[in-house]
Every structure is written in C-alpha cells, then in structure tokens.
Amino acid sequence: NAGVMQNPRHLVRRRGQEARLRCSPMKGHSHVYWYRQLPEEGLKFMVYLQKENIIDESGMPKERFSAEFPKEGPSILRIQQVVRGDSAAYFCASSLQGNEQFFGPGTRLTVL
Amino acid sequence: GEDVEQSLFLSVREGDSSVINCTYTDSSSTYLYWYKQEPGAGLQLLTYIFSNMDMKQDQRLTVLLNKKDKHLSLRIADTQTGDSAIYFCAALPTGGGNKLTFGTGTQLKVEL
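Every value quoted in this text rests on a predicted model; they were computed, and no experiment measured them.

Participant: Would you mind showing me how to read the pairing of strand β6 (residues 53–56) of chain A here?
Facilitator: Side-chain positions along a regular strand alternate between the two faces of the sheet. Residue and element names in this part refer to chain A. For strand β5 (residues 43–50) and β6, the ladder comprises 3 bridges, and the chain directions are antiparallel. Considered in β6, the bridge of Tyr48 is made with Asp56. A loop of 2 residues connects β5 with β6, the two strands running antiparallel in sequence, and Glu52 in this loop sits at a positive phi of about 65°.

Right under this line is the structure:
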C-alpha cells in the first residue's frame, strides 16, 4: 500500500518560470492538503481539496498560486512566475476523513 | 486563529527519556498530533490524541494533554540515536476545515 507520492522531489526554476508540483494521495483517500515549509519554519497550510473541489484555500497566496484535484490523476499545485521567495519545501498530505493526515516526502523548490 | 509554540532544541543522552513540549492557544482544538521529520524527508505521523483524553501511550511514546493549560507533551522513553529528528506538534481546531496548524518544530539531538 503505497503512501502519499509527490514528484518531482526536487525542482529548480528560474525567476519567472512556472512550477508544477504533483501529488498522488494514498489509495482510497479523497482529501488532499498542500502545506509549505519555509527554511527553519514549521508547515503552513495552503489549500484543502477533495475530488474536483477546492474546500479551503485560505492559506493560498492570492496571486500566482493555484491548485486542483481532478477526477482522474494527481493533485497539482501550480506556481506561475516564480520568485525567489517561493523557494521552500511543499508537502502534500492526504486523509480518508479529516483527522489523520499522511504526508508525502515533499517537493523542494529552488528558485534561482 | 490557532497558534502553536514549541521550544527549538532539546539534547539528551542515549537511553534517557526525552520530553518535548508544546503549547497551543485554541481551546476548542479537537485533535493534537506529533509528527517526526528526519533530514530531507517528509513528516511521519507518530501519534495523536483526542481532546477528551489526558494521556495516550504507544510503545516508547507517551502523550500527555493538559487541556486546562493548553499544553501537550511527547515523552520518548529510552531515546535512541535514530530518534534524532525534528518533532512537530500540530493542532486541528474545531471548524478548522481540516487544516492543521503546526508549531515551528523541536530539534531533538541524541548524544552517545
């Protein structure tokens, strides 16, 4: 039973490029969450999705960031026109219901 | 909103007990969690406690919850070098839409 999978594990982008981060939840899990971890900090909630629906995006920056969880395929976190301040580790978690969230290994984004 | 705080560092000798502390502000938090993060890795869910419990034990791990003081602790018995990691406390507030609020993490160093 595979855990939460994220790819790529490491992503390097130049300023102004787009970053696409993918997350496949655990089998049977329909709830997906994205968190961001800045260096030397804890994780900050970004967005909570269920299949084809954004439930809570209160932690998402208003511009350049978007997320989706289509009916088929992984959840995607998309960052347009990346800036150096977007450099962070982005973690995806999934849950069957709400109280146990299992995390993936993360995608470490570096913006040059 | 919820605020979760932890001390930044803890150093113990191998074989001793470790106690990692956490405070939170939202008394309506329903679940409180402990996650472990090893260098370059994702978060591993260690254990969690429901807010109507005072204590939960799971092998070498003991979680204590003082709801009056909004204080949570994680005790690791017979600490081993493999326990060296960053430990995050997280809270799930009532009506929080399943979004976890994390502390900044406590770096545990186990010395021989």
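Participant: What's the story with the nonpolar core in this structure? I'm lost.
Facilitator: Across soluble globular proteins, you tend to see nonpolar side chains buried next to one another. If you look at the biggest cluster of nonpolar residues, it comprises 23 residues, and the most contacted ones within it are Trp34, Met46, Leu77 and Tyr90 of chain A. Those elements giving two or more residues to this core turn out to be β3 (19–24), β4 (31–37), β5, β7 (65–68), β8 (75–79), β9 (88–95) and β11 (107–111) of chain A. If sequence neighbours within four positions are ignored, Tyr90 of chain A has contacts with Gln6, Leu21, Tyr35, Arg36, Met46, Phe65, Leu77, Ile79, Gly106, Thr107 and Leu109 of chain A. With 21 residues, the next largest nonpolar core counts Val4, Tyr24, Leu61 and Val63 of chain B among its residues.

Participant: Honestly, the interface of chain B and chain A in this entry has me stumped. Any pointers?
Facilitator: Interface size is commonly expressed as the accessible area that is lost once the parts come together. Taken together, the 20 residues of chain B in the interface contact 22 residues of chain A. Interface area for chain B against chain A, summed over the two sides, is near 1600 Å², with a carbon-plus-sulfur share of 51%. At the junction of chain B with chain A, the criterion picks out 1 salt bridge. Salt-bridge contacts for Asp56 of chain A lead to Lys99 of chain B; the nearest nitrogen and oxygen are separated by 3.8 Å. Linking chain B with chain A are 10 residue pairs in polar contact (both at pLDDT 80 or more). When residues of the side of chain B that touches chain A are traced back to their parent elements, those giving at least two are β4 (31–37), β5 (43–50) and β9 (85–92) of chain B. The biggest single contributor to the side of chain B that touches chain A is β4 of chain B, with 4 residues. A per-class count over the side of chain B that touches chain A returns 11 nonpolar, 8 polar and 1 charged.

Participant: What am I meant to see in the pattern of salt bridges here?
Facilitator: Once their charged atoms are close, side chains differing in charge can pair, the charge on each being opposite to the other. Residues and elements named next belong to chain B. Under the definition given, this model contains 7 salt bridges over all chains. Its salt-bridge partner being Arg60, residue Asp83 comes within 3.0 Å of it at the nearest N-O pair. With Asp83 in the loop between β8 (71–76) and β9 and Arg60 in the loop between β6 (55–58) and β7 (61–66), this residue pair connects regions lying 23 residues apart in the sequence. In this structure Asp83 comes out as buried when scored by relative accessible area, which is 8%. Residues Asp69 and Lys68 are paired through a salt bridge, measuring 3.6 Å at the closest nitrogen-oxygen approach. Taking the relative accessible area as the measure of exposure, Lys68 reaches 73% and is therefore exposed.

Participant: Help me understand the packing of aromatic side chains in this model?
Facilitator: Going through the model one piece at a time under the given rule, you end up with 13 aromatic pairs over all chains. Ring plane angle 35° and centroid distance 5.5 Å describe the contact between Tyr33 of chain B and Tyr48 of chain B, whose orientation is recorded as tilted. Placement of Tyr33 of chain B in strand β4 and of Tyr48 of chain B in strand β5 is noted, with a sequence separation of 15 residues between them. Relative to Phe102 of chain B, the ring of Tyr35 of chain B has its centre 5.7 Å away and its plane inclined at 50°; by these criteria the two rings are tilted. Of this pair, Tyr35 of chain B sits in strand β4 while Phe102 of chain B sits in strand β10 (residues 101–102); the two residues are 67 residues apart in sequence, bridging distant segments of the chain. Members of the aromatic cluster, joined through ring pairs, are Tyr35, Phe45 and Phe103 of chain A together with Tyr31, Tyr33, Tyr35, Tyr48, Phe50, Phe88 and Phe102 of chain B.

Participant: Help me understand the state of the cysteines in this model?
Facilitator: In a disulfide, the sulfur atoms of two cysteines are covalently bonded to one another. Residue and element names in this part refer to chain A. With the rule as written, the count across this model stands at 2 disulfides over all chains. Put simply, Cys23 and Cys92 are joined by a disulfide, and their sulfur atoms are 1.8 Å apart. In this structure the cystine formed by Cys23 and Cys92 twists about its S-S bond by roughly -50°; its chirality is therefore left-handed. Placement of Cys23 in strand β3 and of Cys92 in strand β9 is noted, with a sequence separation of 69 residues between them. Here the two residues Cys23 and Cys92 agree in accessibility, since each one is buried.

Calculation notes
Residues numbered from 1 in each chain as written. Chains lettered and ligands numbered in written order. Predicted model: local features only at pLDDT ≥ 70, side-chain atom pairs only at ≥ 80, totals over all residues. Heavy atoms only, no water. Pairing = 2+ DSSP bridges. Helix = DSSP H or I, 4+ residues; strand = E, 2+ residues; numbered from the N terminus. Core = buried A, V, L, I, M, F, W, Y, C linked by side-chain atoms within 4.5 Å. Buried < 20%, exposed > 50% of the residue type's maximum accessible area, 1.4 Å probe, protein only. Contact = heavy atoms within 4.5 Å. Buried area = accessible area lost by both parts, 1.4 Å probe. Salt bridge = Lys/Arg side-chain N within 4 Å of Asp/Glu carboxyl O. Polar contact = N/O pair within 3.5 Å; in protein donor to acceptor, adjacent residues only side chain to side chain. Nonpolar A, V, L, I, M, F, W, Y, C, P; charged D, E, K, R; others polar. Phe/Tyr/Trp six-rings, centres within 6.5 Å; stacked < 30°, edge-to-face > 60°. Disulfide = S-S within 2.5 Å.

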